[in-house]
Amino acid sequence: MPRYTLIGNPQSRTMRVAWMLEELGQDYSWNPALPQSEAVRLHNPAGKVPVLLVDGEVLLDSVAILHHLADSHGALTAAPGSLARARQDALTQFCVDEVEGALWTAAKNSFIHPAGLRVPEVKPVCRHEFATAMETLAARLGAGPWATGAEFTVPDILFGHCAAWAKLARFELPGGPVGAYFARLAERPAYGRVLARSAAAA
């Protein structure tokens, strides 16, 4: 089996990778290093997290890492080249562009950018964009319990992480089918294990 080392603080997109590894039942070590730290910049000159070492080889970008893990383990994903995979990837892209995009822009203008470069006036726009994305998600969710239907897949991890992020950022989360979907994601045993492990590392 591959040897996995995860690098990145839990209050980041690193949580997505840890969640995926837990869902796959993989052993991994976790260095909760902060962005821009020496431990991170050793592997990523940009200083961004997460970093995943696979048998010592560096993988970057949370979405790319999730896709690699799903494909390499043949789990939590539709088959590459299938129509189901194209629909799955469309949901992944929607989450990154429209859900995460609003959260990330708000975060950059709250505490990430230097104070002189922040534009606080953009944050109400971000909340509007997030609310609009939630309406779209409600329309795109089908009858199954998960984003793509009966099977839990990569976009579910992304949506679940964004829901937790939105809650911390005090964005208004929807009720109805989307709220119920977010609740199901938060109840996943693998997600609970990640929360416990991240709390222990804090």
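Residues numbered from 1 in each chain as written. Predicted model: local features only at pLDDT ≥ 70, side-chain atom pairs only at ≥ 80, totals over all residues. Heavy atoms only, no water.

**Describing the sheet that holds strand β2 (residues 28-31)**
Next up, step 1: Judged by pairing direction, the sheet is mixed, and its four strands sit side by side in the order β2-β1-β3-β4 without closing on themselves. Strands with a single pairing partner mark the edges of an open sheet, and in this sheet they are β2 and β4 (57-60). Strand-to-strand twist of the sheet, defined as the mean angle between neighbouring strand axes without regard to direction, takes the value 20°.
Next up, step 2: One ladder, built from four bridges, connects strand β1 (residues 4-7) with β2; its direction is parallel. Bridge pairing links Tyr 4 to Tyr 28 in β2.
Next up, step 3: Here helix α1 (residues 14-24) sits on the sheet in contact with β1, β2 and β3 (51-54), set at roughly 165° to β2. (Pairing = 2+ DSSP bridges. Helix = DSSP H or I, 4+ residues; strand = E, 2+ residues; numbered from the N terminus. Axes fitted to C-alpha atoms, helices over the stretch in contact; angles between N-to-C directions. Contact = heavy atoms within 4.5 Å.)

**Focus on the pattern of salt bridges**
Next up, step 1: For the coordinates displayed, the defined rule picks out six salt bridges.
Next up, step 2: Note that Glu 100 is salt-bridged to Arg 13, the shortest N-O span being 2.6 Å. Here Glu 100, found in helix α4 (residues 83-112), pairs with Arg 13, found in the loop between β1 and α1; they are 87 residues apart in sequence, far enough to count as distant.
Next up, step 3: Judged by its relative accessible area of 7%, Glu 100 falls in the buried class. (Salt bridge = Lys/Arg side-chain N within 4 Å of Asp/Glu carboxyl O. Buried < 20%, exposed > 50% of the residue type's maximum accessible area, 1.4 Å probe, protein only.)

**Some points on the environment of Ser 29**
Next up, step 1: Tracing the backbone shows Ser 29 in strand β2.
Next up, step 2: The spacing of Ser 29 and Thr 5 is 24 residues in sequence and 4.8 Å in space, taken between C-alpha atoms.
Next up, step 3: Apart from the residues within four sequence positions on either side, Ser 29 is in contact with Tyr 4, Thr 5, Leu 6 and Arg 197.

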